[in-house]
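Chain by chain, the residues run as shown.
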Amino acid sequence: MTTIKNTIMETNFFQQAAAFTTQHGWRINIVPNKEKLVISVLLYDPAADGKALKIVQTMNLEGTVQELDKGFFAAIAAPLQKTISLLTNEKEYAKSLDDAKKQPKQEQDKKIKTKQPDAPKAITFETEMEKVEQLEAEGKYSEALLALPNAEKYPDNADDIEEKRTELWEQQDKKDNNLFS
């Protein structure tokens, strides 16, 4: 029988886990397999009841304790972001279906006929950074780097732009150096 030692251990596992998601839950199983561990991870939304949630399978990672300590969060970052996008899209889709049911067909036709094209939106630092943030959330770090506004165009925000550039490069490096891909 294995005994558990009463040792003090510090880890930032839960801080990193909390940084990945704020509204979704985690299901994690850890199973030993010889000198390695098999980790099964499933992100779920307790409030969701959609079909997509029932189809999504667990993500399985296998590695030594040292490999998992070093690369666990880097390995799950992109897949978890895709899962979050799926769950978010499913909620929005269900809401749009409900909204469409509430609105009579004639009213929809009337809105289509009377709607005028919107005036083009003025391009500002904030709108350019929104695009960068969106690409970053989708895990498209190289595209986000290309979308960063030019510091010469926004000299008051040059520090923010360079800080974001550094952050995106670090995220891209993590993605490129993923141990479990």
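A. The arrangement of the packing of aromatic side chains in detail. Counted by the stated rule, this structure contains two aromatic pairs. When the centroid spacing of 5.0 Å and the interplanar angle of 85 degrees are considered together, the rings of phenylalanine 72 and phenylalanine 73 count as edge-to-face. Accessibility expressed as a relative area gives 6% for phenylalanine 72, which makes it buried.

B. Quick peek at the sheet that holds strand 2 (residues 36-44). Spatial strand order, 1-2-3: three strands in an open sheet with antiparallel pairing. In this open sheet, the two edge strands, each paired with only one partner strand, are strand 1 (25-33) and strand 3 (59-63). Taking each pair of neighbouring strands and ignoring which way they run, the sheet shows an average axis angle of 20 degrees. Of the pairings in the sheet, the one linking strand 1 to strand 2 comprises nine bridges and is antiparallel in character. Pairing of glycine 25 across the sheet is with tyrosine 44, part of strand 2.

C. Inspection of the confidence of the model for the chain at higher detail. When the pLDDT values of the chain are averaged, the result is 78; 74% of them are 70 or greater. The secondary-structure element of the chain with the lowest mean pLDDT is helix 2 (residues 51-55), recorded at 63, while helix 5 (residues 125-137) shows the highest, at 90.

D. Fine view of helix 7 (residues 158-176). When the terminal C-alpha atoms of helix 7 are compared, their 27 Å separation across 19 residues agrees well with the 27 Å that a helix rising 1.5 Å per residue should span. When helix 7 is considered as a whole, its buried residues turn out to be Ile161, Lys164, Leu168 and Gln172. Considered in projection along helix 7, the buried side chains sweep an arc of 75 degrees and stay on one side of the axis. Turned more than 90 degrees away from the buried face of helix 7, the exposed residues are Asp159, Glu163 and Lys174.

Reading guide: rules and limits
Residues numbered from 1 in each chain as written. Predicted model: local features only at pLDDT ≥ 70, side-chain atom pairs only at ≥ 80, totals over all residues. Heavy atoms only, no water. Phe/Tyr/Trp six-rings, centres within 6.5 Å; stacked < 30°, edge-to-face > 60°. Buried < 20%, exposed > 50% of the residue type's maximum accessible area, 1.4 Å probe, protein only. Pairing = 2+ DSSP bridges. Helix = DSSP H or I, 4+ residues; strand = E, 2+ residues; numbered from the N terminus. Axes fitted to C-alpha atoms, helices over the stretch in contact; angles between N-to-C directions. pLDDT = per-residue confidence, 0-100. Expected span 1.5 Å × (residues − 1). Arc of directions from axis to C-beta.

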